[in-house]
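Single-letter residue listing:
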Amino acid sequence: MASLPDNPSPLIRDGDRDTAVHRLQDAYAVGLISHEELDERLHRVLTANVQDELTSALASLPGEHPGTTSTIAAAAGRIRRRGVWRVPRFLKVHSAFGKVHLDLSRADFEHPTVDIELQLGTGRARITVPRDAVVDLGGLHTGWKDLRYRARQPSRPGGPEIRISGTMGFGRLKIRHARR
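Residues numbered from 1 in each chain as written. Predicted model: local features only at pLDDT ≥ 70, side-chain atom pairs only at ≥ 80, totals over all residues. Heavy atoms only, no water.

A. Here's a closer look at the overall build of the chain. Within the chain, the secondary structure is distributed over three helices and twelve strands. Burial status across the chain gives 38% buried among its 180 residues. For the chain, the share of sequence-separated contacts (at least 6 apart) that also reach a separation of at least 24 residues comes to 67%. For the chain, the computed accessible surface area is about 10900 Å², with 51% contributed by carbon and sulfur atoms. (Helix = DSSP H or I, 4+ residues; strand = E, 2+ residues; numbered from the N terminus. Buried < 20%, exposed > 50% of the residue type's maximum accessible area, 1.4 Å probe, protein only. Contact = heavy atoms within 4.5 Å. Areas by Shrake-Rupley, 256 points an atom, 1.4 Å probe, with all protein chains shown as cover.)

B. How the structure looks around the pattern of salt bridges. With the rule as written, the count across this model stands at six salt bridges. One salt bridge in this structure joins arginine 86 and aspartate 108, with 3.8 Å as the shortest N-O distance. Residue arginine 86 is located in strand E3 (residues 86–87), and its partner aspartate 108 is located in strand E6 (residues 108–109); the two are separated by 22 residues in the primary sequence. Assessed through its relative accessible area of 54%, arginine 86 is described here as exposed. Through salt bridges that share partners, Arg86, Asp108 and Glu110 make up one connected network. (Salt bridge = Lys/Arg side-chain N within 4 Å of Asp/Glu carboxyl O.)

C. Main features of the environment of valine 134. Its place among the elements puts valine 134 in strand E9 (residues 134–142). For the pair valine 134 and proline 160, spaced 26 residues apart in the sequence, the C-alpha separation amounts to 6.4 Å.

D. Seen up close, the sheet that holds E9. The five strands are arranged E1-E4-E7-E11-E9 in an open sheet whose pairing can be described as parallel. Bordering the open sheet on either side are strand E1 (69–74) and E9, each of which pairs with just one other strand. Averaged over all neighbouring strand pairs, the angle between strand axes comes to 15°, with direction disregarded. (Pairing = 2+ DSSP bridges. Axes fitted to C-alpha atoms, helices over the stretch in contact; angles between N-to-C directions.)

E. Inspection of the pairing of strand E12 (residues 172–177) at higher detail. Here E12 shows one buried face, formed by Leu173, Ile175 and His177, and one open face, formed by Arg172, Lys174 and Arg176. Two strands pair when backbone bridges link them, and strand E8 (residues 124–129) and E12 are joined in this way by six bridges, in the parallel orientation. Residue pairing across strands places valine 129 opposite histidine 177, the latter belonging to E12. As judged from the two bridges shared by strand E10 (residues 147–148) and E12, these two strands associate in the parallel manner.

F. Region of the structure containing the nonpolar core. Ranked by internal contacts, the top residues of the largest apolar core, which has 27 residues, are Leu104, Ile116, Ile127 and Ile164. Sorting the residues of this core by element identifies E1, strand E4 (90–95), strand E5 (99–103), strand E7 (113–120), E8, E9, strand E11 (161–168) and E12 as the ones contributing at least two each. Here the element with the most residues in this core is E7; it accounts for four residues. Isoleucine 116 has contacts with Leu91, Val93, Leu104, Ile162, Arg163, Ile164 and Ser165, leaving out every residue within four places of it along the chain. With 14 residues, the next largest nonpolar core counts Leu24, Ala27, Ala48 and Leu58 among its residues. (Core = buried A, V, L, I, M, F, W, Y, C linked by side-chain atoms within 4.5 Å.)

G. A look at helix H2 (residues 35–47). For H2, spanning 13 residues, the distance from its first C-alpha to its last is 18 Å, which sits close to the expected 18 Å at 1.5 Å a residue. Along H2, the residues that are buried comprise Leu38, Arg41, Leu42 and Val45. In a view along the axis of H2, the buried residues occupy a sector of 105°, so they form one face of it. Away from the buried face of H2 by more than 90 degrees, exposed residues Glu36 and His43 are located. (Expected span 1.5 Å × (residues − 1). Arc of directions from axis to C-beta.)

These results come straight from atomic positions and should not be treated as a statement about function.
Encoded structure:
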């Protein structure tokens, strides 16, 4: 009888698959891979079940652009982003004592999946997401207070997936979907 591996590869999520497809399309668009190689790798990505299979399909491609990670930090005071602004693939938000307000309802999403890492001490954070966004809070650890979020079904398919992770000390996080 075969034994299970000690660290099995995690299952992939649809957002991971979408990101991999975009990376392959970008690599083809700039001439890094041929049309035949694009077809073969897309097939591997679309049929992958675990992270290792996805990683092997993306082997030899350059990593994501270094400019796709941004950090917003403040020891005290307010952090506020609203209106039309470009959301990077990875957004790190660090605040020791202040208030955080991220309004993503009119933001420009270049990637189908956005990872937001929150490192909050005390204070409050409010995130407004687009109506059709899917929010994943699996990687968020709260300390003293809980978070306020009521998941809803997207009104139309194709909205961004927003994965929120990190740690919160004594603050409170409120997430809501935009009304329009």
